[in-house]
Amino acid sequence: MNEDRLTIRDAIAIPLLVIILILGATYGINSMKKQTDPWLDPVIMKGELDSTKWINENTKKTDKFQSDIFGGELIMGMTTRTAIVGGDWANAPDPVSNMKDSQKIYMTTSASEANALCKKYNLTYVFVPLNRNVYCGFGWIVINKNKFNDYNYFQLAYSNDDVKIFKVV
Amino acid sequence: MIRFRSFNLRALLRYVFIVALIIPYISYRLEVVKNYIIPTYGNTMYHVGIERLITQTGFYPAQELSYNGGFHHFYVPSFRLFVSSFSLITATDPMVTSGLVTIIISLAIFGIIYAITKRSLNPFAGVCALFLLIISPEMTIFSIRALPELLGLFMFPLTLYFILLNDTGERCSLNAYSYLAILAASITALTHQMTLLTLAFVLAIYGLTQLKNRAELLNAWIPLAAAITVYGAWQFYSLHTLNILELAQVKFHEGMPVDLFASAYKVGFIERTGLLLIGFCILGIVYLEYKKTDKRFLLYAWIGASLILTKNDLLGISVFMDRFLTFMVEGMIIVGGIGAYATLEFLDRYVFDIIFGKIQNAPVKK
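Residues numbered from 1 in each chain as written. Chains lettered and ligands numbered in written order. Predicted model: local features only at pLDDT ≥ 70, side-chain atom pairs only at ≥ 80, totals over all residues.

(A) Spotlight on the overall build of chain B. If you tally the helices and strands in chain B, you get 16 helices and 2 strands. The globule rule puts the C-alpha radius of gyration for 366 residues at 21 Å, and the 22 Å found for chain B is close to it. Projected onto its principal axes, the C-alpha positions of chain B cover 90 × 55 × 45 Å. The contacts in chain B between residues at least 6 apart in sequence include a share of 73% that link residues at least 24 apart. (Helix = DSSP H or I, 4+ residues; strand = E, 2+ residues; numbered from the N terminus. Rg over C-alpha atoms; globule rule 2.2 N^0.38 Å. Contact = placed C-beta atoms within 7 Å.)

(B) How the structure looks around the overall build of chain A. Of the regular secondary structure elements, chain A holds 5 helices and 7 strands. The helix and strand sequence of chain A, counted from the amino end, reads α-α-β-α-β-α-α-β-β-β-β-β. Taken over C-alpha atoms, the radius of gyration comes to 25 Å for chain A, far larger than the 15 Å a tight globule of 169 residues would show. Overall, the C-alpha framework of chain A stretches about 95 × 30 × 30 Å when taken along its three principal axes. Within chain A, the fraction of its 169 residues that count as buried is 43%. (Buried ≥ 20, exposed ≤ 12 C-beta atoms within 10 Å, placed from the backbone.)

(C) Broad picture of the interface of chain A and chain B. Facing 47 residues of chain A, the contacting portion of chain B comprises 51 residues. Elements with a contribution of two residues or more to the side of chain A that touches chain B: helix H1 (8-36), helix H2 (46-58), helix H3 (69-79) and helix H4 (95-107) of chain A. It is H1(A) that provides the largest number of residues to the side of chain A that touches chain B, a total of 12 residues. Split into classes, the residues belonging to the side of chain A that touches chain B amount to 26 nonpolar, 11 polar and 10 charged. (Nonpolar A, V, L, I, M, F, W, Y, C, P; charged D, E, K, R; others polar.)

(D) How the structure looks around the nonpolar core. Counting 150 residues, the largest nonpolar core has B:Ile113, B:Ala129, B:Leu130, B:Leu132 and B:Ile333 as its most contacted members. Per element, the largest residue contribution to this core is 14 residues, and it comes from helix H16 (residues 321-361) of chain B. (Core = buried A, V, L, I, M, F, W, Y, C linked by C-beta atoms within 7 Å.)

(E) Broad picture of the environment of B:Ala204. As for its position among the elements, B:Ala204 is in helix H10 (residues 193-209). Along the sequence, B:Ala204 and B:Ala301 sit 97 residues apart, while their C-alpha atoms lie 8.6 Å from each other.

(F) Molecular detail of H2(A). Residue and element names in this part refer to chain A. End to end, H2 covers 19 Å across 13 residues, agreeing with the expected 18 Å (1.5 Å per residue, within 8%). Those residues of H2 that fall on the buried side of the exposure criterion are Glu-48, Leu-49, Ser-51 and Ile-55. Projection of H2 onto a plane perpendicular to its axis shows the buried side chains occupying an angular sector of 150 degrees, all on one side. Of the exposed residues in H2, those oriented more than 90 degrees away from the buried face are Lys-53 and Glu-57. Against the buried residues of H2 lie H3, strand S3 (125-129), strand S6 (154-159) and strand S7 (163-168). (Expected span 1.5 Å × (residues − 1). Arc of directions from axis to C-beta.)

(G) Seen up close, the sheet that holds S7(A). All names here are of chain A. Spatially, S2-S1-S3-S7-S6 is the arrangement adopted by the 5 strands of the open sheet, whose pairing is mixed. The sheet terminates laterally at strand S2 (82-83) and S6, the two strands that pair on one side only. Along the sheet face, H2 touches S3, S6 and S7 and points at about 40 degrees away from the line of S7. (Pairing = 2+ DSSP bridges. Axes fitted to C-alpha atoms, helices over the stretch in contact; angles between N-to-C directions.)

(H) Quick look at the confidence of the model for chain B. The pLDDT averaged across chain B works out to 91; a share of 95% of its residues lies at or above 70. Reported confidence for the predicted complex is 0.92 by ipTM and 0.92 by pTM. (pLDDT = per-residue confidence, 0-100.)

(I) Molecular detail of the pairing of S6(A). Residues and elements named next belong to chain A. By the bridge criterion, 5 bridges tie S6 to S7 in an arrangement that is antiparallel. Opposite Tyr-158, over in S7, you have Ile-165 as the bridge partner. Here S6 folds back onto S7 in antiparallel fashion, the turn holding 3 residues.

(J) View of the environment of B:Ala301. Residue and element names in this part refer to chain B. Tracing the sequence through the fold places Ala-301 in helix H15 (residues 296-310). By the C-beta count within 10 Å, which is 24 here, Ala-301 ends up buried. Sequence separation between Ala-301 and Ser-78 is 223 residues; the distance between their C-alpha atoms is 26 Å. Excluding residues within four positions of it along the chain, Ala-301 makes contact with Val-202, Ile-205, Tyr-206 and Thr-209.

(K) Looking closely at unusual backbone geometry. Residue and element names in this part refer to chain B. The phi dihedral of Asn-43 falls on the positive side, at around 60 degrees, and the residue is not glycine. In this structure, Asn-43 sits in the loop between helix H2 (31-34) and helix H3 (44-57). The phi torsion at Tyr-67 lies on the positive side, around 40 degrees, for a residue other than glycine. Within the fold, Tyr-67 resides in the loop between H3 and helix H4 (78-90). Residue Tyr-67 is classed as buried on the basis of its C-beta count, with 30 C-beta atoms lying within 10 Å.

(L) Broad picture of the pairing of S7(A). All names here are of chain A. When you tally the buried positions in S7, you get 5 out of 6 residues, the bulk of the element. As paired elements, S3 and S7 share 5 bridges and run antiparallel to each other. Residue pairing in the sheet places Val-126 in a bridge with Phe-166 of S7.

(M) Layout of the domain arrangement of chain A. Under the domain assignment used here, chain A contains domain 1 (8-38) and domain 2 (46-168). On a C-alpha basis, the centres of domain 1 of chain A and domain 2 of chain A stand 47 Å from each other. (Domains from an automatic or database assignment.)

(N) Focus on the packing of H4(A) against helix H5 (residues 111-120) of chain A. All names here are of chain A. Running from amino to carboxyl end, H4 crosses H5 at an angle of 150 degrees, the nearest separation of the two axes being 8 Å. The angle between H4 and H5 falls in the class roughly antiparallel. At the point where H4 passes H5, the crossing takes the left-handed sense. Residues Asp-101, Lys-104 and Ile-105 of H4 touch H5, and the partners they reach there are Ala-114, Leu-117 and Cys-118. Taken together, the residues that form the contact of H4 with H5 break down as 4 nonpolar, no polar and 2 charged. (Parallel < 35°, antiparallel > 145°, perpendicular 65-115°, else oblique. Left-handed = near helix turned anticlockwise from the far one by under 90°.)

(O) Looking closely at the packing of helix H5 (residues 94-120) of chain B against helix H8 (residues 148-165) of chain B. Residue and element names in this part refer to chain B. Between H5 and H8, the least distance of the axes is 9 Å, while the angle of their chain directions is 25 degrees. When the axes of H5 and H8 are compared, the pair comes out roughly parallel. Note that H5 runs across H8; the crossing there is left-handed. Across the interface between the two elements, Thr-102, Ile-105, Ser-106, Ala-108, Ile-109, Ile-112, Ala-115, Ile-116, Arg-119 and Ser-120 from H5 touch Leu-150, Leu-151, Leu-153, Phe-154, Pro-157, Leu-158, Leu-160, Tyr-161, Leu-164 and Leu-165 from H8.

(P) How the structure looks around the environment of B:Thr293. Mapped onto the elements, B:Thr293 comes out in the loop between helix H14 (275-291) and H15. Separated by 165 residues in sequence, B:Thr293 and B:Cys128 have C-alpha atoms that sit 18 Å apart.

Here's what the structure looks like:
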């Protein structure tokens, strides 16, 4: 038998191997995607990303934001401003208190309480996503947005369809 | 593997299979840059913030942006410096660069998985390992996001690859591979703390299996010593202490335990690994033992050490169990590739030969 020539055995075995590969890969990739697709979720809405342009152009580098973890990391990533939560908590002085207070600012019905908590952390702006729930470290929660309309404590500084940014009075 | 008669045909087929596997692998990872923002799970945008600061100032920031800022950072710098450099060179926004770097590093992982499996057995086993890689949920979850762990999933096996390549024999002297292993271990130490811990455990355990072979022992433990020294120096510089017990991750036991099946507060080993990979991995270990291949104990140490780290909750530590699982799965993919090759070889030798032998020997009607 000539070693350099394709045999009948090869002519059957190679397509068989290709069919097994295609079927296996198709099934394997589809079943993998069921687990991996959620990890591609951006969470952040398009309008939230757009708002970072306004933050860069209209706030100081030293301004600090009330936000949830995803919003805070968006602000850090696109503007290098700091936020009450988000990022690496390894060496943070008291990260759990930050999480609790951030969640309280979003959930409380009292504008004065939210304002006092913002001042405790020297927060100058509040980032309020309009079309998603927020995550401050203890599960996804719904924001109580009405209190931010109390102009004695908060003033609307920027808004689009996905987010409002209030200045802390 | 199928014993194709022509060498060129075998090589050609191997490359065709590699290309066929790389297409779905890349096309899925292109999703990372298709959206208006990169995937944000896992603090990816926080890293972008540090990378942006580096590109704006030219310095690695001494203070954190996280949790209201104003304190010393804990993170090691390799991944961020890599992204920032890439961003500066290409004049691309650090957020977009992070997405592009994710694709590039995941391609490098594809390459190193093939290279290690090829070195451990042969190139056909390498192709089998690549097949298992592209369908692995665990490896995909950690190679579609711009995280330091992503670079760790390349640097850690790269260090082991240099150790595999170093044919020490009886000589106890340093050579080019030793220096490359030391360099790779040092970069790994500055890439991701959990990757470093996995590397340290793997090299320590592998060294223990080589106590009678002083040259191989040093081949494993010199990079280990280098990695620990480099990391210790970095942590002392950044945090001014070598103590890690006060870190939030350790104090608050960050991470989810890994059990056989997933539940609300547990990651499922079976779901994340896949029964196919588990089965092939067992076959791979049996085959490696049957063949008594060179340096197989490095692969055993890889899986064994990362298994111990994955189940660190049983030792009362309970920190990042699910994150160590990724390194275990990475090792299992290599051994699983060897198991898949062994299965094909068995089919070829004992099934195809019998079938085709009967066809060829069948009496011809006149």
